[in-house]
Amino acid sequence: MSKYHISRALPFSVILVALSGCAWFGEETKRAEMIAMPAMERTLSEAHGALPADGKWPEQAWWQIFGNAELNRLIETAVADNPGFKATEARLRQSQAMVDAQAAELYPTVDANVTFTAQRFSANSTEAKLAGDHFRKLVINPFILRYHIDFWGQDKAALDAAVGEALAAQAELADARLVLSVAVSNSYFDLVAATEKLNMVKAIMAYRENLTKLEQVRVDTGLAATTPLLYSQTQLGVVREIEAASRAEVELQKNLLATLAGKGPDWGRSITVERSAFPKRLALPGNLPLHLLAHRPDVTAARLRAEAAAHEIKVAETAFYPDVNLIAFAGFHSVSMSDVILQGSSLAYAVGPSIDLPIFEGGRLRANLSYKEAAYDAAVERYNNSLLHAVQEVADSLTRWRDIDTRLTEQRQTVDAIAGTSRLAETLNRTGLNNRSELLEASAVEYEQRYRLAVLEGEHFKAAVQVIKALGGGYSNDKEH
């Protein structure tokens, strides 16, 4: 074969070798797979006694069902001013900007260029015959076109990945809003319960102080031994400790609420305590197992991250193929300042493709592909973990609800019974059939039971919040329906 034929065949041989190398991405490995929705029908059937299955999914502003204006204000303030939530909003804007930047890669770019060069040639350069000469060059290109021809779908896959990341960031923002509103609600209900407990403890302490004074008088007058007095003093000391702890709990919850709202502790001192109205009916959605994924922002975000990672694999695969760009320019080039535009001979233009062929990359492309595949596997497993956590959260919230609901019912019956005992003691005291110490003791015991009732009522509100959170807290992804 002649040298001419060899020189003509060489570029085609290089292309064939490159294309054959493009098809070799390394050893194929098994990708992670998304698990199906775990079975939870038996768990739901056990919960339907306490929560019927004929309700709707929570509304977006779900906290309004408690009818508490102060709670509404706290959540609205937190969503507007909480630094962590605002940082999540900023990440969403970043993702959306990346979508716009990636979308721009699908379109040609046009720019302009002006270059002026002044040069003196050296006697020791390759232009030795021009030694000592001064050279000036003016280049004006008002039109430079660059267009990446997306033969293999690289730009499209990159755009799909960016869109997926932006949608995932949007779902994560919804999840951050849900987590923040739940944290504010739980802290506020803890504050309400702590305030109620403090009031109960103050009443108990007043009864214990009066009872201790009465026992002291009886000891001083020789009407009783010291044992009842010592017992009463011990009980009074315990109540005082509980009172101090309850007072500190009120302050701590106000500090926490102020931080969640993005404010300082002094702002928290202005938080008012209002009793909430418990929802008249709290029921589970009838299509809970089927549409749970559409109402969980954390699971939606994890799925979108995995789908975006799949597009990133596509981008990494296209790097093995030849990259084709179309380049064109038109302008005026001249070594004379005067005729660069006036003379048509200064006109210059060019148009043509530019092809980059990956032949030897030292394993960089294959390593990048392996990295993207591993990132996809990790994203899929994070989705699987999010799904399992979501199902567990539903089951745990229902178990917690049944437990609190049962205990609250029993405690209310206990309080009613103790209240009857206190009324009887008061009647007997008025008729002189018992002494005042028995009346004070009965009243203190009643308020102790009311203290326990306040604790359970606070837990009852928080249990309702956890059920709502497990159901997605008003989030809805229409694409899942």
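Residues numbered from 1 in each chain as written. Predicted model: local features only at pLDDT ≥ 70, side-chain atom pairs only at ≥ 80, totals over all residues. Heavy atoms only, no water.

**Concerning the overall build of the protein**
Within the protein, the regular secondary structure consists of 11 helices and four strands. Counted over contacts in the protein with a minimum sequence separation of 6, partners at least 24 positions apart contribute 85%. For the protein, the accessible surface area stands at approximately 26,600 Å², while carbon and sulfur atoms represent 56% of it. (Helix = DSSP H or I, 4+ residues; strand = E, 2+ residues; numbered from the N terminus. Contact = heavy atoms within 4.5 Å. Areas by Shrake-Rupley, 256 points an atom, 1.4 Å probe, with all protein chains shown as cover.)

**Quick notes on the environment of Phe 151**
By the secondary structure assignment, Phe 151 is in the loop between strand S2 (134-149) and helix H5 (154-220). We classify Phe 151 as exposed; its relative accessible area is 54%. Taking the C-alpha atoms as reference points, Phe 151 and Pro 322, 171 residues apart in sequence, are found 9.0 Å from one another. (Buried < 20%, exposed > 50% of the residue type's maximum accessible area, 1.4 Å probe, protein only.)

**Notes on helix H3 (residues 69-81)**
Between its first and last C-alpha atoms H3 spans 18 Å; for 13 residues at 1.5 Å apiece the expected length is 18 Å, and the two agree. Among the residues of H3, Glu 70, Leu 71, Asn 72, Leu 74, Ile 75, Thr 77 and Ala 78 are the ones counted as buried. Buried residues belonging to H3 abut H5, helix H6 (226-260) and helix H7 (265-268). (Expected span 1.5 Å × (residues − 1).)

**A word on empty space enclosed by the protein**
One pass over the full model with this rule turns up two cavities of 30 Å³ or more. As a volume, the largest cavity reaches approximately 110 Å³. Forming the boundary of the largest cavity are Phe 189, Val 192, Ala 193, Glu 196, Arg 275, Ser 276, Ala 454, Glu 457, Gly 458 and Phe 461. Those elements that place two or more of their residues in the lining of the largest cavity are H5 and helix H11 (436-470). When grouped by side-chain class, the residues that make up the lining of the largest cavity number five nonpolar, two polar and three charged. Lining the second largest cavity we find His 148, Ile 149, Asp 150, Phe 151, Trp 152, Gln 154, Pro 322, Asp 323 and Val 324. Those elements that provide at least two residues to the lining of the second largest cavity are S2 and strand S3 (323-334). (1 Å grid on protein atoms, 1.4 Å probe; cavity = no way out; pocket = protein on both sides within 12 Å on 5 of 7 lines; lining within 4 Å. Points joined across faces, edges and corners; volume = space filled by probe spheres on them. Nonpolar A, V, L, I, M, F, W, Y, C, P; charged D, E, K, R; others polar.)

**A short note on the packing of H5 against helix H9 (residues 297-318)**
It is at 8 Å that the axes of H5 and H9 come closest, and there the two elements cross at 165 degrees. Judged on the interaxial angle alone, H9 and H5 are roughly antiparallel. Note that H5 runs across H9; the crossing there is left-handed. Per-class residue counts for the contact of H5 with H9 are 14 nonpolar, five polar and eight charged. (Axes fitted to C-alpha atoms, helices over the stretch in contact; angles between N-to-C directions. Parallel < 35°, antiparallel > 145°, perpendicular 65-115°, else oblique. Left-handed = near helix turned anticlockwise from the far one by under 90°.)

**Here we look at the pairing of S3**
In this sheet, S3 lies alongside S2 in antiparallel orientation, the contact comprising 10 bridges. Of the residues in S3, the one forming a bridge with Ile 140 is Phe 332. Both S3 and strand S4 (residues 347-356) contribute to a ladder of 10 bridges, which runs antiparallel. Within S4, the residue paired with Phe 332 across the bridge is Leu 347. (Pairing = 2+ DSSP bridges.)

**So, the sheet that holds S3**
Within a beta sheet, neighbouring strands are joined by backbone hydrogen bonds and run either parallel or antiparallel to one another. Judged by pairing direction, the sheet is antiparallel, and its four strands sit side by side in the order S1-S2-S3-S4 without closing on themselves. Only two strands of the sheet have a single partner each, and these edge strands are strand S1 (109-120) and S4. Neighbour-to-neighbour, the strand axes of the sheet open up by a mean angle of 25 degrees, direction not taken into account.

**Observations regarding the pattern of salt bridges**
Under the defined criterion, the tally for this structure stands at 25 salt bridges. The salt bridge partner of Glu 243 is Arg 247, with a shortest N-O separation of 2.1 Å. With Glu 243 and Arg 247 both in helix H6, this residue pair falls four residues apart, about one helical turn. Residue Glu 243 is classed as buried on the basis of its relative accessible area, which comes to 11%. Shared partners join several salt bridges into a network, and the residues in it are Asp 190, Arg 400, Asp 403, Arg 407, Glu 459 and Lys 462. (Salt bridge = Lys/Arg side-chain N within 4 Å of Asp/Glu carboxyl O.)

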